[in-house]
Amino acid sequence: MKVSIDVKRFDPEKTNENNWVQNYKMDIHPSSTVLDALIHVREEIDGTLGLRCACRASICGSCGMRVNGKAKLVCKTRIEELAEEGETLLIEPMGNQPVIKDLIVDISAFFAKMTQITPFLQPDEFPKQGEFIASNDSMEKLLTEMNCIMCGLCVSECTILEVDDTFIGPAALAKASRFVYDPRDSQTTDRLNFLNDEQGGIWDCTRCMQCVDVCPKDVAPMDRIMDLRETAIEIGTKKTHGYDHTNSFEKSVVAHGRLDESRLALESAGIFNIPRLLDLIPVGLRALIKGKLPPLFPHKAEDNKKIKEIAKKIKEME
Amino acid sequence: MYDHDLLIVGAGLAGLRCAVEAQKLGLKVAVITKVHPVRSHSNAAQGGINAPLTDRGDDWKGHALDTIKGSDYLADQDAVEIMSREAGEAVLELERMGVIFSRGDDGKLGTRRFGGQKVARTFFVGAITGSALLHVLYEQSLKLGLQVYEEWFVTSLIKHEGAVRGVVALDLKTGELESITAKSVVIAAGGAGRVFEPSTNALICTGDGLSLAWNNGAGLMDMEMIQYHPTTLARTGILLSEAARGEGAYLLNSEGDRFMKKYAPDYMELASRDVVSRSEQTEINEGRGIDGNVLLDLRHLGKEFIETRLGYLQEVSVEFLGIDMAEKPVPIRPGMHYIMGGVKTDVDGETGVPGLYAAGECANVSVHGANRLGANSLLDTVVFGRRSAEKASEYVKTVTNDIIPTEKYVKRDLELIKNIMDADGKYKVAEVRNKMATAMTKGIGVFRDQESMEYAKKIVDQTKIDYRDSIRIQNKGKVYNTDLLFALELGNMIDCAESIVHGALTRKESRGAHFRTDIPGRNDEEWLKHTLIYKSLEGEITVKTPDVTITDWEPIERVY
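Each value, and the rule that gives it
Residues numbered from 1 in each chain as written. Chains lettered and ligands numbered in written order. Predicted model: local features only at pLDDT ≥ 70, side-chain atom pairs only at ≥ 80, totals over all residues. Helix = DSSP H or I, 4+ residues; strand = E, 2+ residues; numbered from the N terminus. Buried ≥ 20, exposed ≤ 12 C-beta atoms within 10 Å, placed from the backbone. Contact = placed C-beta atoms within 7 Å. Rg over C-alpha atoms; globule rule 2.2 N^0.38 Å. Domains from an automatic or database assignment. Nonpolar A, V, L, I, M, F, W, Y, C, P; charged D, E, K, R; others polar. Pairing = 2+ DSSP bridges. Axes fitted to C-alpha atoms, helices over the stretch in contact; angles between N-to-C directions. Parallel < 35°, antiparallel > 145°, perpendicular 65-115°, else oblique. Left-handed = near helix turned anticlockwise from the far one by under 90°. Core = buried A, V, L, I, M, F, W, Y, C linked by C-beta atoms within 7 Å. Expected span 1.5 Å × (residues − 1). Bend = angle between axes of the 7 residues up to and from the residue.

Looking at the overall build of chain A
Here is step 1: For chain A, the count of helices and strands is 13 helices and seven strands.
Here is step 2: Seen through its principal axes, chain A has C-alpha atoms that stretch 70 × 65 × 40 Å.
Here is step 3: Taking all 318 residues of chain A together, 40% fall into the buried category.
Here is step 4: Residue pairs at least 24 apart in sequence account for 64% of intrachain contacts in chain A once pairs closer than 6 positions are excluded.

See the structure below:
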């Protein structure tokens, strides 16, 4: 099969024109992966191309990069799935991580975030002999998180990390949930309090779904973060903007049949939280100038009986 | 002052288990690894880890006998005894560190059956056991604040007055060469699968640790014992775990026959790996294969069972072959997978070179002999990784704090690197490696004979010359120069290949994975011996054949 790839190159040792896109053409086996193509380039065409790869079997997590704009593990991405014969693929390094050379990014921030969440089991006490006793169900549930290979694709595409690098991020939060739900761990409350309070914790996710979309191991980090939010509320750690936001959202929708955005902003910040409210003023002014300021008193939906019924049903189900 | 008491080369299971133990013993430890720890090839172990747990009615002797029989009586029985006795505690300890093992209805750890064993004693995490263990040991290393030289490649060992006192290593991110001193060094750098093409092994398995030890006076033992795994994917050679057969999958030939009934009527698909691989190859050679493959059939296990117990296998099969295992059998064939041979050590990781220890796949204790049982490799890494740390911690107390001069070692390696960077020969590194690796598979395969082994040796000899005189690299930069890295790795692979062909040509019998069609029988009279190969500073090779240690189990005919 004839294959054409454009690779985004970066050479830190060049002083000028150190960023460029280079095209490579080759003839390789029809079921080749993107990684096969890159290895072919490195071995046969251009020994200066930099990339990481090891296992070729989607278990080591080395070969994350962007293919046609979307983060992929290239060892499990077959070319024929993305391009017709002769069509050019664009390969770029992952996002949200500084590039060291070509397709190699600096993964140190990724792993530093792992250490933030106390990434090891903290039992109260160890069994005197033998193993911890736990149900197979409780363990099998954790396999979802355990499947994470720390490839960094979720971090590459995370829209929060793009603007706020204090966010702990999808991979590390998924890892955190692996300990929160482990019946052997004794620090559940502390862990949740930390994830709840910390700037950059579970409430910073905007549910854009990018991490769920790109995860090559179906860890679905966003779903794990949502689990953590629910559990945090259940165990009573409610003193968070995130909880206030959720609560205000629900009250508004149930009461008026629609969202009262002004009230939501005030209640999420906290009515008596003066500094946070002052922060809102410039946002409000900008919205006013653009004509986007929500009405101070909400319109009521014409018939919100149905909505109230739905809300009641949900309460019953819970 | 030394930089470290103990420096561990490699951060897979053996390296990290060793590091965690050494930290607990209060040593100043560091790990040096050419990839981030969680990228290590221990990840690729899928099926599980063996342990005879007494509270489940099992006993260490059963496991030891299965291991020894599996090894075709080449394993040293005193070493096997230690591994089997310590296995239970080693696995329980991993559980207490946080590994999410599968469990039974009683909430205790559950098992599956694996090849060459009649008892189900393999503990597992889905089909990602290696990855699950590696990530938990990495967690423990974070807990203990382990220092890691990440993405550093060791170019040589510092050997001062006969003892190993550190390494010289290349920081891949900067291209700078530096010396790191240590009172002792543990080599835990994994296998050498890339010496063969194809192989199930990661591209990083280039025998670096074997070469480092061999070039510093340690012996390489039983290197001819190359494990061909019975179930690797057609074309790509990617591994499908033995767990598939452990959970009940069939092997079928082109006639739809479960052909193992001819070769191993009692154990069927769960005979030892060498036996199953030979049976498959015989079927293929005799015209009952399909395009050079046979079939692995899981259809009768059902989709739900496959996806919960063998999820990763299904993922691999779907992603790489487009085959849903619940719908269609998968074409597979034997593929190079593991080296039973390695740096000769005693049961505490000692290599005989002062200050130098080895553990994991690169070491040969020897517990696997001529054929390793599935799920014994993970066990080997954690048991002997821990023991090496203990022994090394005693040794470091005997080493004084005097500073040793390191400039000349760094200078020597700078020279080596300059030679490679300046080389302008006619062959690319990959070309040379691929030619050698293809010849190794052809010559030292599932079946071999004098002629094929001599062919492999001829190519290896030529490769040595080509490597010295005729390679070139294109990348002249410093930052992340993988071109240079591959050239350095090729040097290590050539050392491994050389020791493998010497071992193979030495052993004049068939035993385990070393099956010679020209001498088909096992010969206990003359060959209940290891092949042990040394290289002098001048590159001269000598071969010794020490006796196998037999304790309670006299060699008998091996039938499955």
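That was the structure; now back to the text.
A few points about the overall build of chain B
Here is step 1: When its secondary structure is counted, chain B shows 16 helices and 21 strands.
Here is step 2: In terms of overall size, chain B behaves like a compact globule, its C-alpha atoms giving a radius of gyration of 22 Å where 560 residues would be expected to give roughly 24 Å.
Here is step 3: C-alpha atoms of chain B, sized along the principal axes, occupy 65 × 55 × 50 Å.
Here is step 4: Out of the 560 residues belonging to chain B, those deemed buried represent 62%.

A word on unusual backbone geometry
Backbone geometry follows two general trends: most residues other than glycine have a negative phi, and most peptide bonds adopt the trans configuration.
Residue and element names in this part refer to chain B.
Here is step 1: Following Glu197, the chain continues to Pro198 via a peptide bond in cis, the omega torsion being 0°.
Here is step 2: By secondary structure assignment, the location of Pro198 is in the loop between strand E9 (176–187) and helix H5 (208–214).
Here is step 3: Here the bond from Val365 into Ser366 is cis, since omega is 5°, no more than 30 degrees from zero.
Here is step 4: Assignment of secondary structure puts Ser366 in the loop between strand E17 (363–364) and helix H11 (377–396).

A look at the environment of Thr206 of chain A
Residue and element names in this part refer to chain A.
Here is step 1: Structurally, the position occupied by Thr206 is in the loop between helix H7 (188–197) and helix H8 (210–214).
Here is step 2: When the C-alpha positions of Thr206 and Ile160 are compared, they lie 7.4 Å apart, and in sequence the two are 46 residues distant.
Here is step 3: In this view, Thr206 contacts Thr159 and Ile160; residues no more than four positions away in its chain are not counted.

Some remarks on the domain arrangement of chain B
Residues and elements named next belong to chain B.
Here is step 1: One can read the domain layout of chain B as domain 1 (4–187 + 208–225 + 338–396), domain 2 (226–334) and domain 3 (407–516).
Here is step 2: Taken together, the contacts link 23 residues of domain 1 with 19 residues of domain 2.
Here is step 3: Residue composition of the side of domain 1 that touches domain 2, by class: 10 nonpolar, 10 polar and three charged.

Concerning the interface of chain A and chain B
Here is step 1: Contact with chain A, which involves 42 residues of that partner, is made by 49 residues of chain B.
Here is step 2: Counting residues per element, the ones that place at least two in the side of chain A that touches chain B are strand E6 (99–101) and helix H4 (136–146) of chain A.
Here is step 3: Considering each element in turn, the side of chain A that touches chain B owes the most residues, five residues, to H4 of chain A.
Here is step 4: Among the residues forming the side of chain A that touches chain B, the class breakdown is 23 nonpolar, 11 polar and eight charged.

With respect to the pairing of strand E1 (residues 2–10) of chain A
Working note: regular strand, side chains alternate between the two faces of the sheet.
Residue and element names in this part refer to chain A.
Here is step 1: Only one face of E1 is buried, namely the one carrying Val3, Ile5, Val7 and Arg9, since none of Lys2, Ser4, Asp6, Lys8 and Phe10 on the opposite face is buried.
Here is step 2: When E1 meets strand E5 (residues 88–92), the two strands line up parallel, connected through four bridges. Looking at the pairing, Asp6 lines up with Leu90 of E5.

Quick look at the packing of H4 of chain A against helix H6 (residues 170–180) of chain A
Residue and element names in this part refer to chain A.
Here is step 1: The geometry of H4 relative to H6 is characterised by a closest axis approach of 9 Å and an angle of 165° between their N-to-C directions. Between H4 and H6, the crossing angle belongs to the class labelled roughly antiparallel. The hand of the H4/H6 crossing is left-handed. Residue-level inspection shows Leu142, Glu145 and Met146 of H4 in contact with H6, the latter providing Ala174, Lys175, Ser177 and Arg178.
Here is step 2: Across the contact of H4 with H6, the residue classes break down as three nonpolar, one polar and three charged.

Regarding the sheet that holds strand E3 (residues 64–67) of chain A
Residues and elements named next belong to chain A.
Here is step 1: Taken in spatial order, the five strands line up as E2-E1-E5-E3-E4 in an open sheet, and their pairing is mixed. The strands lining the two open edges of the sheet, one partner per strand, are strand E2 (19–27) and strand E4 (70–73). Geometrically, the sheet is characterised by an average inter-axis angle of 35° between neighbouring strands, direction not taken into account.
Here is step 2: Pairing of E1 with E2, which is carried by nine bridges, proceeds in the antiparallel orientation. Of the residues in E2, the one forming a bridge with Lys2 is Asp27.
Here is step 3: Strands E1, E2, E3 and E5 of the sheet are contacted by helix H1 (residues 34–45), whose axis makes an angle of about 95° with E2.

A word on the pairing of strand E21 (residues 541–544) of chain B
Residues and elements named next belong to chain B.
Here is step 1: As paired strands, strand E20 (residues 532–535) and E21 are joined by four bridges and run antiparallel to one another. Residue pairing in the sheet places Lys535 in a bridge with Ile541 of E21.
Here is step 2: Taking the residues between adjacent antiparallel strands as the criterion, E20 and E21 are bridged by five residues, where Gly539 takes a positive phi near 90°.

Let's talk about the environment of Val29 of chain B
Residue and element names in this part refer to chain B.
Here is step 1: With respect to the element layout, Val29 can be found in strand E2 (residues 29–33).
Here is step 2: Accessibility expressed as a C-beta count within 10 Å gives 28 for Val29, which makes it buried.
Here is step 3: Placed 346 residues apart in sequence, Val29 and Ala375 show a C-alpha to C-alpha distance of 28 Å.
Here is step 4: Beyond its immediate chain neighbours, meaning those up to four positions away, Val29 contacts His4, Asp5, Leu6, Ile8, Ala19, Ala22, Gln23 and Leu146.

Some remarks on the nonpolar core
Residues and elements named next belong to chain B.
Here is step 1: Core analysis: the largest hydrophobic core is formed by 256 residues, its most contacted members being Val167, Val186 and Ile187.
Here is step 2: In terms of residue count, the dominant contributor to this core is helix H15 (residues 482–506) (13 residues).
Here is step 3: Contacts of Val167, omitting those with residues within four sequence positions, involve Leu7, Val9, Ile32, Val154, Ser156, Leu157, Ile158, Ile180 and Val185.

Observations regarding helix H3 (residues 77–97) of chain B
Residues and elements named next belong to chain B.
Here is step 1: Compared with the 30 Å implied by 1.5 Å per residue over 21 residues, the 30 Å span of H3 between its first and last C-alpha is a close match.
Here is step 2: The principal kink in H3, of about 45°, is found at Ala87.
Here is step 3: Where H3 ends, the next residue or the one after it, Gly98, has phi of about 135°, a positive value.

Things to note about the sheet that holds strand E11 (residues 226–233) of chain B
Across a sheet, strands are paired by hydrogen bonds formed along the backbone, either parallel or antiparallel in direction.
Residue and element names in this part refer to chain B.
Here is step 1: Strand order in the open sheet formed by four strands is E11-E14-E13-E12, and the pairing between neighbours is antiparallel. The sheet is open, and its two borders are formed by E11 and strand E12 (250–252), each paired with just one other strand. This sheet shows a mean twist of 45° between the axes of neighbouring strands, independent of strand direction.
Here is step 2: Bridge count between E12 and strand E13 (residues 294–297): three bridges; the pairing is antiparallel. Within E13, the position partnered with Leu251 by the bridge is Leu296.
Here is step 3: Strand contacts of helix H8 (residues 273–285): E11, E12, E13 and strand E14 (330–339), with the helix running at about 60° to E11, the strand carrying the most contacts.

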